[in-house]
Amino acid sequence: MLTFRDLTPEDHDLVVPMVQVFYRSDAVDHPVDAAILERSFQDAASPAEPLLRGLLIQWEDKPAGYMYLTQCYSAEVGGRCVFLEEIFLKEEYRRRGLGAQVMAWLEQEYPAARRFRLEVTQANQGAVHFYQKAGYAFLRYEQMVLDKIK
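Quick caveat, the model's predicted, so the values are computed rather than measured. (Residues numbered from 1 in each chain as written. Predicted model: local features only at pLDDT ≥ 70, side-chain atom pairs only at ≥ 80, totals over all residues. Heavy atoms only, no water.)

Applying the stated rule across the entire model yields six salt bridges. For R53, the salt bridge goes to E109, with nearest N and O atoms at 3.1 Å. Here R53, found in strand β2 (residues 53–59), pairs with E109, found in helix α3 (residues 98–109); they are 56 residues apart in sequence, far enough to count as distant. Between E91 and R95 there is a salt bridge, with its nearest N and O atoms 2.4 Å apart. Taking relative accessible area as the criterion, E91 reaches 44% and is therefore assigned partly exposed. Here the residues in one salt-bridge network are D6, R53 and E109, joined through shared partners. (Salt bridge = Lys/Arg side-chain N within 4 Å of Asp/Glu carboxyl O. Helix = DSSP H or I, 4+ residues; strand = E, 2+ residues; numbered from the N terminus. Buried < 20%, exposed > 50% of the residue type's maximum accessible area, 1.4 Å probe, protein only.)

Moving on, we come to the side chain of R115. Examined against the element boundaries, R115 turns out to sit in strand β5 (residues 115–118). For R115, a relative accessible area of 18% gives the class buried. A distance of 2.9 Å separates a polar atom in the side chain of R115 from a polar atom in the side chain of E76. Once you skip the residues sitting within four places of it in the chain, R115 turns out to touch S74, E76, V77, R80, C81, V82 and L139. (Polar contact = N/O pair within 3.5 Å; in protein donor to acceptor, adjacent residues only side chain to side chain. Contact = heavy atoms within 4.5 Å.)

Here the structure, examined in full by the defined rule, presents seven aromatic pairs. Note on F4 and W105: the rings are 4.1 Å apart at their centroids and 20 degrees apart in plane angle, and the pair reads as stacked. Here the residue F4 occupies a position in strand β1 (residues 2–6), and W105 occupies one in helix α3, the gap between them amounting to 101 residues. Residue class for W105 comes out buried when judged on its relative accessible area of 17%. Feature note: the residues F22, Y23, Y66, Y68 and F88 constitute an aromatic cluster, connected by ring pairs. Over the face of the ring belonging to F138 we find R140, whose NZ or CZ atom lies 4.2 Å from the ring centre. (Phe/Tyr/Trp six-rings, centres within 6.5 Å; stacked < 30°, edge-to-face > 60°. Lys NZ or Arg CZ within 6 Å of the ring centre and 35° of its normal.)

Next comes the structure, spelled out in structure tokens:
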């Protein structure tokens, strides 16, 4: 059975290795400093950080993956947007239908959301296909950022 629970600081040794695998995969197209990944885990596991929710994905009480979620208001759709910052399933839990269950859970967990948004790299065609099958479509905007991460 697939279950979800909010991360706690005690999940560090379960989750950070998965985060490291995620950031070495085709899901990410540029290197990210390990200190930033550590800070993000700490924020995702802290109730004091209201903008980032970290979840442990479990299959039969075993850690199968993790998610980082944020929320914002999208004027483009006139309501709440849930941004799927990171979704990761360990290799041994992929292609078993769990991804579809994760996506269904998200919609049930956030019924007021008018949009679910995520990023995907073109190199990660397996994820592109999966998300399209789940009903996601490309939203063709170029992103511009001003990073102040140090």
